[in-house]
Amino acid sequence: MKPAPVLILFLLVNLSGIAVAETKPFSGEPSRIPGLIEAEHWDKGEAGVAYSDTDEKNLGEDYREPTQVDIEKRPDASNGHGLGWTRPGEWLLYTVEVLEDGIYTIEIPVASKGQGGTFHLKMDGKDVTGPITIPDTGSWQTLVLLKHEGVELRQGTYTMKLEMTEGGPGGGIGDIDYFKFLKS
Ligand SMILES: [Ca+2]
Ligand SMILES: [Ca+2]
């Protein structure tokens, strides 16, 4: 029996990689854990593939390729930039490589004027942090270092997903500078 032409086409397209939606690490290599991952260095890829953002415009600065993600330029942040104008339902993907099994602490500089909202991190679809809520840091210009302890990770390459889950009273989640993974 001859395979249907449509099946052959499907196989060819998948083997060539053209039709398979995928993301690429921002630097060309997976971000290493332990290590520091800039929030603004999510994977390269299209909207709906590498990230999802609620409004089409980048409300902040043109820092990397044109994107819908809102990148804030701020001198107090690591690498001079961070994520801003975050909203529930938004997400970003980061290709990461965990070098060592272990229990990790994640340090995350955040800012919010008034109580912020909640996010979590997933590794290959598994929630590894549980809900992390951004507190009132007094001002959008004041970054405070959150420390989230007890994150168990195993060696390997993962797609890390930052998911904005719930807005605070102002509707947003808050500003996020980076994720620094330290082995406990
Ligand atoms: Ca946007
Ligand atoms: Ca940053």
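Structural data are supplied above this passage.
None of these values were measured; they are calculated from a predicted model.

1. So, the coordination of the calcium ion (ligand 2)
At the metal site, the calcium ion (ligand 2) is ligated by E38 (OE), E40 (OE), E40 (OE), S78 (O), H81 (O), D177 (O) and D177 (OD), and these contacts range over 2.3 to 2.7 Å. All donor residues of the calcium ion (ligand 2) come from one chain, and their arrangement in sequence is E-x1-E-x37-S-x2-H-x95-D. On the criterion of sequence distance, the pair formed by E38 in strand β2 (residues 35-38) and D177 in the loop between β13 (175-176) and β14 (178-183) is long-range, its members being 139 residues apart.

2. With respect to the coordination of the calcium ion (ligand 1)
Here the calcium ion (ligand 1) is held by the protein donor atoms D53 (OD), D55 (O), D55 (OD), K57 (O), Q68 (O), D70 (OD) and D70 (OD), which lie 2.2 to 2.8 Å from it. Along the chain, the residues donating to the calcium ion (ligand 1) fall in the pattern D-x1-D-x1-K-x10-Q-x1-D. Of this pair, D55 sits in the loop between β3 (51-52) and β4 (71-73) while D70 sits in the loop between β3 and β4, placing them 15 residues apart in sequence. Assessed through its relative accessible area of 1%, D70 is described here as buried.

3. Quick look at the nonpolar core
In terms of nonpolar packing, the biggest core is built from 34 residues, with Y94, F119, L162, I176, F179 and F181 touching the most fellow members. Of all the secondary-structure elements, those providing two or more residues to this core are β6 (91-98), β7 (102-111), β8 (118-123), β11 (144-153), β12 (156-166) and β14. When sequence neighbours within four positions are dropped, the list of residues in contact with I176 reads A39, G82, L83, I108, P109, V110, F119, I134, L162 and M164.

4. A look at the side chain of D53
When you line up the elements, D53 lands in the loop between β3 and β4. Here D53 occupies a buried position and makes no salt bridge, while the nearest side chain of opposite charge, R87, is found at 8.7 Å. Polar side-chain contacts of D53 include one of 3.4 Å to the backbone nitrogen of D55. Residues within four places of D53 in sequence aside, it is in contact with Q68, V69, D70 and E90.

5. Some details on the pairing of β7
Most of β7 sits out of view: nine of its ten residues are buried. In this structure, β7 lies alongside β11, joined through eight bridges in antiparallel fashion. Each residue of the ladder has a partner; that of P109, found in β11, is L145. Two elements, β7 and β14, share four bridges in a ladder whose sense is antiparallel. For E107, the partnering residue across the bridge sits in β14 and is K180. Pairing of β7 with β13 involves two bridges; the strand directions are antiparallel. Each bridged residue has a counterpart across the sheet, and for V110 the counterpart in β13 is I176.

6. With respect to the side chain of T129
With respect to the helices and strands, T129 occurs in the loop between β9 (126-127) and β10 (132-133). Its relative accessible area of 11% is what places T129 among the buried residues. Within the structure, T129 has its side chain in polar contact with the backbone nitrogen of L121 (distance 3.0 Å). Setting aside its immediate chain neighbours within four residues, T129 contacts I106, H120, L121, H148 and V151.

Calculation notes
Sequence positions are assigned chain by chain, starting from 1 and proceeding in written order. Lettering for chains starts from A, numbering for ligands starts from 1, and both go in the order in which the items are written. Restriction of local features to residues with pLDDT of at least 70 applies here, the model being predicted, together with a cutoff of 80 or more for giving and counting side-chain atom pairs; totals for whole chains, interfaces and linings are based on all residues. The side-chain quantities take in all heavy atoms of the structure and omit both hydrogens and water. Donor selection uses N, O and S atoms within 2.8 Å of the metal (3.2 Å for Na, K and Ca). Since no water is included, sites may look incomplete. Note on conventions: DSSP H or I runs of at least 4 residues are helices, E runs of at least 2 residues are strands, and numbering of each starts at the N terminus. For every residue, the accessible area obtained with a 1.4 Å probe (protein chains only) is divided by the maximum for its type, and the residue is called buried under 20%, exposed over 50%, and partly exposed between those limits. To define a nonpolar core, start from buried Ala, Val, Leu, Ile, Met, Phe, Trp, Tyr and Cys residues and group those joined through side-chain atoms within 4.5 Å. Working rule for contacts: check all heavy atoms of both residues, and any pair within 4.5 Å makes them a contact. In this charge count, Lys and Arg are treated as positive and Asp and Glu as negative; neither His nor the chain ends contribute. For this document, the term salt bridge refers to a Lys or Arg side-chain nitrogen within 4 Å of an Asp or Glu carboxyl oxygen. Definition of a polar contact: a pair of N or O atoms within 3.5 Å, with one able to donate and the other able to accept a hydrogen when the atoms are protein atoms, and with sequence-neighbouring residues admitted only if both atoms are side-chain atoms. Being paired, for any two strands, means DSSP has found at least two bridges between them.

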